[in-house]
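# Descriptive analysis of the structure
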Amino acid sequence: MNANPMGALRPAHGYLPAFPRVPTAARKPKKRPLTYRRTDTGLIAYHHRQPVAWIVQGYHSGQLNQQPKTCHFVDVAYHRQTTHGINLETADFETVTQAVTFINGVFGGAA
């Protein structure tokens, strides 16, 4: 069995640019309920050892005004508790720091 289940998410056309480290200023003391683990494709946020959010860097190549254009972004998928169950939500950000700050806010570990 593959030791890295996230390895299947690696793009077929090659590797994404190196995923930046989360700045230490965004990290909280040990009391914070979230922990982050780096994977080959991004970060996974854990709350009490349960994965609750996935942060993945991505890009889109296309055209703008008939000129080649590449957009870089950070995608976040996370669990959200509702009155009817648990939803899988998504959000897009420009930087990893913005994505981590958002997840910290959603799960009560705001920086």
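Residues numbered from 1 in each chain as written. Predicted model: local features only at pLDDT ≥ 70, side-chain atom pairs only at ≥ 80, totals over all residues. Heavy atoms only, no water.

## Side note on the overall build of the protein chain
On a plain count of helices and strands, the protein chain comes out with 1 helix and 5 strands. Taking all 111 residues of the protein chain together, 28% fall into the buried category. Put simply, the protein chain shows about 8,000 Å² of open surface, and 54% of that area lies on carbon and sulfur atoms. (Helix = DSSP H or I, 4+ residues; strand = E, 2+ residues; numbered from the N terminus. Buried < 20%, exposed > 50% of the residue type's maximum accessible area, 1.4 Å probe, protein only. Areas by Shrake-Rupley, 256 points an atom, 1.4 Å probe, with all protein chains shown as cover.)

## Comments concerning the pattern of salt bridges
Using the criterion set out here, one finds 1 salt bridge in the structure. We note a salt bridge from R80 to E89, for which the minimum N-O separation is 2.9 Å. Residue class for R80 comes out partly exposed when judged on its relative accessible area of 37%. (Salt bridge = Lys/Arg side-chain N within 4 Å of Asp/Glu carboxyl O.)

## Describing the packing of aromatic side chains
One pass over the structure, following the stated rule, counts 2 aromatic pairs. For the ring pair F93 and F102, a centre distance of 5.1 Å and an interplane angle of 45° mean the geometry is tilted. Aromatic ring contacts, followed pair by pair, group Y78, F93 and F102 into a single cluster. (Phe/Tyr/Trp six-rings, centres within 6.5 Å; stacked < 30°, edge-to-face > 60°.)

## Looking at unusual backbone geometry
Non-glycine residue H48 carries a positive phi angle of around 50°. Within the secondary structure, H48 sits in the loop between β2 (42-47) and β3 (50-64). Residues other than glycine seldom take positive phi values, yet R49 does so here, at roughly 70°. Looking at the secondary structure, you find R49 in the loop between β2 and β3. For R49, a relative accessible area of 79% puts it in the exposed group.

## Focus: the confidence of the model for the protein chain
Of all residues in the protein chain, 68% have pLDDT values of 70 or greater, and the mean over the chain is 77. In this model residues 1-9 is a low-confidence stretch, pLDDT under 50, and it forms 6 contacts with partners more than four residues away in sequence or in other chains. (pLDDT = per-residue confidence, 0-100. Contact = heavy atoms within 4.5 Å.)

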